[in-house]
Every structure is written in C-alpha cells, then in structure tokens.
Amino acid sequence: MRKSAKANPSPGLERALHRLEDLCRERGQRLTRPRRAVLAKLLSADRPLSAYELLERLRPEDGKSTAASVYRTLDFLMGLGIVHRLESTRSFVLCEHPDAPHWVQFLICRRCGQVVEAEDERVAAATERLGRRLGFALDQRIVELTGLCEDCRESAAARH
C-alpha cells in the first residue's frame, strides 16, 4: 500500500510522477500542474479516493481547486488510461499498468477498502464470451469483485 505524502515528495513519488508525465507526453498530452497535483494525491493515498476527498487534499495547497476542476482532471486521466474509476465505491485509483489498454479486475475489500488490481486473461476471455453470447459489444472492460481481504478475514476469525 502507498503511504501518505509529506510536504516534500519522496524520490519514489517523484519517479512515479515523472513516469506518468512521460506517458502523457508520449500520448501527445501535457501533465499540467493541476493534473500532476491530482496524480500526486492518488499516488500518496493508501486507498482509492473520491473526487471530494481529492478536493479536500488539494485545497491546502491550492485554494482555487473546485469539484468541477477535479472531475475534469479525473476525466482527462481516465481517458489516458492512467486512472480508473471504481463504480462500486465512487472512487478513483491509479492504474497499475497504464502503458497499454487492458482488461482489468479489481478485488475490493468491503471492510477496509483495500483494492487489488488484477489482470487475469481467463476472466477477460470469459467476460468477452459472455458479452458475445448475449449480443453485447463490451466497451467497458472493468470487473469489480467485492469481499474480504486476507487481513480482514483473519481479524474477523480472531474475534470469534
């Protein structure tokens, strides 16, 4: 899990931001200051964040940030495949593999909120076959699965 950012970004955070900046440039886009700020907050978060949680974290550094600007930035970053929206939690998380489009599955702990991004070709193939069989051309390739992570299962078992 990622740890919270300090006032001075860690070298790891800076490397990740530079990598994402390069990715934007390769795709003909700029990583502007507001986009970079949103990415930094997502990188330093230990869980997915809603747009309003992002806004709360941005305001101390940029009092001009608005919900609309955060949503615009998130839409832009999702369009580039750098950020995913988790529909079930209405939150946003960085893509672990933004270099290429891919089918993705998220395992989301309903107790602690931990999110694991997976890419299982068998699940991708099964969903594609299901769509074809039912006459659907799938345009969203994200599957969200909820349950309890190992830590939460163990802590629940220890209480009983």
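Scroll up a little and you will see the structure.
Residues numbered from 1 in each chain as written. Predicted model: local features only at pLDDT ≥ 70, side-chain atom pairs only at ≥ 80, totals over all residues. Heavy atoms only, no water.

A description of the pairing of strand S1 (residues 83-86) should follow, citing residues and the corresponding values.
As paired elements, S1 and strand S2 (residues 91-94) share four bridges and run antiparallel to each other. The residue bridging His84 from the neighbouring strand is Val93, located in S2. The antiparallel hairpin formed by S1 and S2 contains four residues in its connecting segment, where Arg90 sits at a positive phi of about 50 degrees. (Pairing = 2+ DSSP bridges. Helix = DSSP H or I, 4+ residues; strand = E, 2+ residues; numbered from the N terminus.)

Give a description of helix H4 (residues 67-79) that names residues and reports values.
Since the α-helix packs 3.6 residues into each turn, any two residues three or four apart lie on the same face. Its 13 residues place the ends of H4 18 Å apart at the C-alpha level, agreeing with the 18 Å of an ideal helix rising 1.5 Å per residue. Turning to H4, its buried residues number three or more, namely Val70, Thr73, Leu74, Phe76 and Leu77. The buried residues of H4 occupy an angular sector of 160 degrees when projected down its axis, which confines them to one face. Seen from the buried face of H4, the exposed residues on the opposite side, beyond 90 degrees, are Arg72 and Gly79. Summarising the contacts, the buried residues of H4 are in contact with helix H2 (33-44), helix H3 (51-58), S1 and S2. (Expected span 1.5 Å × (residues − 1). Buried < 20%, exposed > 50% of the residue type's maximum accessible area, 1.4 Å probe, protein only. Arc of directions from axis to C-beta. Contact = heavy atoms within 4.5 Å.)

Please give an account of the sheet that holds strand S4 (residues 115-118) that cites residues and values.
Judged by pairing direction, the sheet is mixed, and its three strands sit side by side in the order S4-S3-S5 without closing on themselves. Edge positions in the open sheet fall to S4 and strand S5 (142-147), since each of these has one partner strand only. If you compare each strand with its neighbour and ignore which way they point, the axes differ by 20 degrees on average. As paired elements, strand S3 (residues 104-109) and S5 share six bridges and run parallel to each other. Bridge pairing in S5 places Leu107 opposite Leu145. (Axes fitted to C-alpha atoms, helices over the stretch in contact; angles between N-to-C directions.)

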